[in-house]
Amino acid sequence: MRQDFEKLFAHLPSPAMPDGFLEKIIRRVQNERQFLILKRKIIFFSIGLAGSTAAFPPALQILKQAFSDSAFFHFFTLLFSDFEIIVASWQSFLFSLLERLPIASLALFFSILLALLGSLKFLAKNLKIILQVKQYRATNQIYGHQ
Amino acid sequence: MPEISDQKLISLYLAGDEKSLEILFNRYLKMIYSFIYRYVGDQEAAEDVAQEVFVKVWKNLKKFNPRKNRFANFKLRRQKNFKTWLFKIAKNASIDFLRKKKIIPFSSFDNEDGNALTDTLADPAPLPDALLERQDLANLLTRALAKISFKYRAVLLLRYNNHFTFREIAESLGEPLNTIKSRHRRALIILKKILGKSSF
């Protein structure tokens, strides 16, 4: 190390750091972390949306098929054609009706529907935030600061 | 109490200790801010770039910890020293910023008569005492540094302001050790010449 230059550089004034700079950086890191988590969730829910959208028509088909196989609607229409008999033995009728219900297909259909609606709801709510942040970063193209 | 090493702080942070990141960042904050400020020459810009640097560091901390992550990027695995890695990011971020701002690296000194001068690779003679005793030395030095091109300025700042070894400078700037040594010598010559011109 050149002593004369070291002595010279000892005179170099340090620029004053802005107040609360460390806190600002830590806050920025926290924001970035939240943004990253949100982005990961959006990827997860986008895959969920694509999967549930693709699975929806077959699930609906399976449900329709299961209802027609179980003759559920035949039993159900008795409610309109033979109402008095049904009222007289409503407990047996209800039990038979429940017995005919294609539970597995219904569960499959509703879980896909829930996944579809849940993903849509999440994406509609959060995609806007992601796009706004990205747009903000693009327009304030120094480095994308908060 | 002995100071906790950078590597240890990183490991602690990755294990869930948030405070370690603050300690680690605080350790280098002033150094990095000053380094960037000397590069970009503007307080607001330096603040922006420094923030970006620390965010980048945070994003890559997992990859930096080579013992924990076998799949880490090869370049990062080779990087052993957190300090030099941090300065490397700072240098690159500053250059990116200047490129985006379309501030072309320009040194009037290099372009006018720098070539003839930098061909001479002998160490410059010691600085005159009269220069070191000048009242306006801080101002003179600041102005002189602003005139030197980025690559020379970085070497001088890392060497004499941050007290880096040549090896650390080479690692920070991503250049071979011998290149840094000769660049350092040239930088001294250039700085001395500018100071000599400005003194009178």
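Rules used in this analysis
Residues numbered from 1 in each chain as written. Chains lettered and ligands numbered in written order. Predicted model: local features only at pLDDT ≥ 70, side-chain atom pairs only at ≥ 80, totals over all residues. Helix = DSSP H or I, 4+ residues; strand = E, 2+ residues; numbered from the N terminus. Rg over C-alpha atoms; globule rule 2.2 N^0.38 Å. Buried ≥ 20, exposed ≤ 12 C-beta atoms within 10 Å, placed from the backbone. Contact = placed C-beta atoms within 7 Å. Nonpolar A, V, L, I, M, F, W, Y, C, P; charged D, E, K, R; others polar. Core = buried A, V, L, I, M, F, W, Y, C linked by C-beta atoms within 7 Å. Domains from an automatic or database assignment. Axes fitted to C-alpha atoms, helices over the stretch in contact; angles between N-to-C directions. Parallel < 35°, antiparallel > 145°, perpendicular 65-115°, else oblique. Left-handed = near helix turned anticlockwise from the far one by under 90°. pLDDT = per-residue confidence, 0-100. Expected span 1.5 Å × (residues − 1). Bend = angle between axes of the 7 residues up to and from the residue.

Participant: Account for the overall build of chain A, with residues named and values stated.
Facilitator: In terms of helices and strands, chain A carries six helices and zero strands. Counted from the first residue to the last, chain A has its helices and strands arranged as α-α-α-α-α-α. Its C-alpha atoms give chain A a radius of gyration of 32 Å, clearly above 15 Å, the size a compact globule of 146 residues would have. Its C-alpha atoms give chain A principal-axis dimensions of roughly 110 × 30 × 25 Å. Across the 146 residues that make up chain A, the buried fraction comes to 8%. At a minimum sequence separation of 6, the contacts of chain A that also span at least 24 residues come to 86%.

Participant: So what's going on with the overall build of chain B? Residues and values would help.
Facilitator: Helix and strand content of chain B: eleven helices and zero strands. In chain B, the order of α-helices and β-strands from amino to carboxyl end is α-α-α-α-α-α-α-α-α-α-α. For chain B, with 200 residues in total, the buried portion stands at 36%. In chain B, the share of contacts with a sequence separation of at least 24, taken over all contacts with a separation of at least 6, comes to 68%.

Participant: Give a detailed account of the interface of chain A and chain B, specifying residues and quantitative values.
Facilitator: How big an interface is tends to be stated in terms of the accessible area lost upon association of its parts. Each partner contributes residues to the interface: chain A has 26 residues there, and chain B has 28 residues. Of all elements in the fold, only α1 (3-9) and α2 (21-70) of chain A reach the threshold of two or more residues within the side of chain A that touches chain B. Here the side of chain A that touches chain B is composed, by residue class, of 15 nonpolar, four polar and seven charged.

Participant: Lay out the nonpolar core with the relevant residues and their values.
Facilitator: Residues and elements named next belong to chain B. Judged by nonpolar contacts, the single largest core of 57 residues is most densely connected at I32, I36, V49, F54 and L191. In terms of residues, this core owes the most to one element, helix α2 (residues 18-40), which gives eleven residues. Both of domain 1 (6-100) and domain 2 (108-199) provide at least three residues apiece to this core. What I36 contacts, discounting residues up to four positions off in sequence, is A46, V49, A50, A90 and S94.

Participant: Report on the packing of helix α3 (residues 43-64) of chain B against helix α5 (residues 82-100) of chain B, specifying residues and quantitative values.
Facilitator: Residue and element names in this part refer to chain B. Remark: α3 packs on α5, axes separated minimally by 9 Å, with the N-to-C direction vectors making an angle of 135°. One way to sum up the angle between α3 and α5 is to call them oblique. Read as a crossing pair, α3 and α5 show a hand that is right-handed. On α5, the residues touching A45, V49, E52, V53, K56, V57 and F64 of α3 are F82, W85, L86, I89, A90, A93, S94 and F97. Class assignment for the residues of the contact of α3 with α5 results in twelve nonpolar, one polar and two charged.

Participant: Would you mind going over the domain arrangement of chain B in detail, with residue names and values included?
Facilitator: Domain annotation for chain B reports domain 1 (6-100) and domain 2 (108-199). Across the boundary between the two partners, domain 1 of chain B contributes twelve residues, which contact 14 residues of domain 2 of chain B.

Participant: I'd like a rundown of the confidence of the model for chain A, residues and numbers included.
Facilitator: On average, residues of chain A score 85 in pLDDT, and 93% of them reach the 70 mark or higher. Within chain A, no element has a lower average pLDDT than α1 of chain A, which sits at 81, and none a higher one than α2 of chain A, at 92.

Participant: Break down α3 of chain B for me, with residues and values.
Facilitator: Since the α-helix packs 3.6 residues into each turn, any two residues three or four apart lie on the same face. For α3 of chain B, spanning 22 residues, the distance from its first C-alpha to its last is 29 Å, which sits close to the expected 32 Å at 1.5 Å a residue. The largest bend in α3 of chain B comes to about 35°, at W58 of chain B.

Participant: For the confidence of the model for chain B, give the residues involved together with the corresponding values.
Facilitator: Counting all residues, the mean pLDDT for chain B is 80, and 76% of those residues have values of 70 or more. Note that residues 106-120 of chain B has pLDDT below 50 and, in this model, 19 contacts with residues that lie over four places away or in other chains.

Participant: Give me unusual backbone geometry: which residues, what numbers.
Facilitator: The phi torsion at A71 of chain A lies on the positive side, around 55°, for a residue other than glycine. One non-glycine residue, H163 of chain B, adopts positive backbone phi at about 55°. For H163 of chain B, the location among the structural elements is in the loop between α9 (150-161) and α10 (166-173). For H163 of chain B, a count of 12 C-beta atoms within 10 Å translates into the label exposed.

Participant: Let's hear about the packing of α2 of chain A against α3 of chain B: which residues, and what values?
Facilitator: α3 of chain B packs onto α2 of chain A with a crossing angle of 50° between their chain directions and a minimal axis gap of 10 Å. Comparing their axes, α3 of chain B and α2 of chain A come out oblique. Of the two possible hands of crossing, α2 of chain A and α3 of chain B adopt the one that is right-handed. Contacts from K24, I25, R28, V29 and E32 of chain A of α2 of chain A reach α3 of chain B at Q51, F54, V55 and W58 of chain B. A class-by-class count of the residues in the contact of α2 of chain A with α3 of chain B yields five nonpolar, one polar and three charged.

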